[in-house]
Amino acid sequence: MSDEIADQSLECPVNITIEIIAGKWKPSILCELRHGARRFNDLKRDIAGISDKVLSAHLRELEADGIVSRREFYEGAVLATEYAFTDYGRTWIPVLDALAEWGLQHANEAFIARLRRGRRARE
């Protein structure tokens, strides 16, 4: 953990959580892995708009953080790669569930607030 992250966590431990899942695509990757191990191409297909490069980078970061494991195996003559939560990574599932529940409960309020902000900016 960098000194900057450590300093932030002393003020607010939420910063540690946000730092680990920061990025446009990490929450989507983690949500996909909640359902079990997934192959790279399946993740790519199911997360609309993510590039190979970004998916690879985020998976490497999540692996380095100990959240995701990578398993390579041969399926016939083809090398396949599969990603899954580690035991430690599975501790994220309740966090993701809580974030999802909050999002579902407050989606309308957040959307309306964004519309209002956008309307004010145009005026």
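Below: a short report on this structure. (Residues numbered from 1 in each chain as written. Predicted model: local features only at pLDDT ≥ 70, side-chain atom pairs only at ≥ 80, totals over all residues. Heavy atoms only, no water.)

Section: the pairing of strand S3 (residues 78-85)
Both strand S1 (residues 38-39) and S3 contribute to a ladder of two bridges, which runs antiparallel. Across the sheet, residue Arg-39 finds its bridge partner in S3, namely Glu-82. For strand S2 (residues 68-75) and S3, the ladder comprises eight bridges, and the chain directions are antiparallel. Paired with Ser-69 across the two strands is Ala-84, which belongs to S3. Here S2 folds back onto S3, and the loop between the two strands holds two residues, one of which, Gly-76, carries a positive phi near 70°. (Pairing = 2+ DSSP bridges. Helix = DSSP H or I, 4+ residues; strand = E, 2+ residues; numbered from the N terminus.)

What about the nonpolar core?
Core analysis: the largest hydrophobic core is formed by 19 residues, its most contacted members being Ile-29 and Ile-67. Those elements that place two or more of their residues in this core are helix H2 (14-21), helix H3 (26-33), helix H4 (40-46), helix H5 (52-64) and S3. Excluding residues that lie within four positions of it along the chain, Ile-67 makes contacts with Ile-20, Leu-30, Leu-62, Ala-84, Phe-85, Thr-86, Tyr-88, Gly-89 and Trp-92. (Core = buried A, V, L, I, M, F, W, Y, C linked by side-chain atoms within 4.5 Å. Buried < 20%, exposed > 50% of the residue type's maximum accessible area, 1.4 Å probe, protein only. Contact = heavy atoms within 4.5 Å.)

Observations concerning the layout of surface pockets
The space that makes up the largest pocket amounts to roughly 160 Å³. The wall of the largest pocket is formed by Pro-27, Ser-28, Cys-31, Leu-96, Leu-99 and Ala-100. Residue composition of the lining of the largest pocket, grouped by class: five nonpolar, one polar and no charged. (1 Å grid on protein atoms, 1.4 Å probe; cavity = no way out; pocket = protein on both sides within 12 Å on 5 of 7 lines; lining within 4 Å. Points joined across faces, edges and corners; volume = space filled by probe spheres on them. Nonpolar A, V, L, I, M, F, W, Y, C, P; charged D, E, K, R; others polar.)

What to know about the pattern of salt bridges
Per the counting criterion, the structure on display carries eleven salt bridges. Notably, a salt bridge pairs Glu-61 with Lys-26, separated by 2.7 Å at the nearest N-O pair. Here Glu-61 is found in helix H5, whereas its partner Lys-26 is found in helix H3, with 35 residues between them in sequence. Judged by relative accessible area, which is 36%, Glu-61 ranks as partly exposed. Salt bridges linked by common partners bring Glu-32, Arg-38, Asp-42, Arg-45 and Asp-46 together as one network. (Salt bridge = Lys/Arg side-chain N within 4 Å of Asp/Glu carboxyl O.)

A closer look at the side chain of Lys-26
A relative accessible area of 4% places Lys-26 in the buried class. Looking at Lys-26, its side chain comes within polar contact range of the main-chain oxygen of Ile-20, at 3.4 Å. Not counting chain neighbours up to four residues away, the residues in contact with Lys-26 comprise Ile-20, Ile-21, His-58, Glu-61 and Leu-62. (Polar contact = N/O pair within 3.5 Å; in protein donor to acceptor, adjacent residues only side chain to side chain.)

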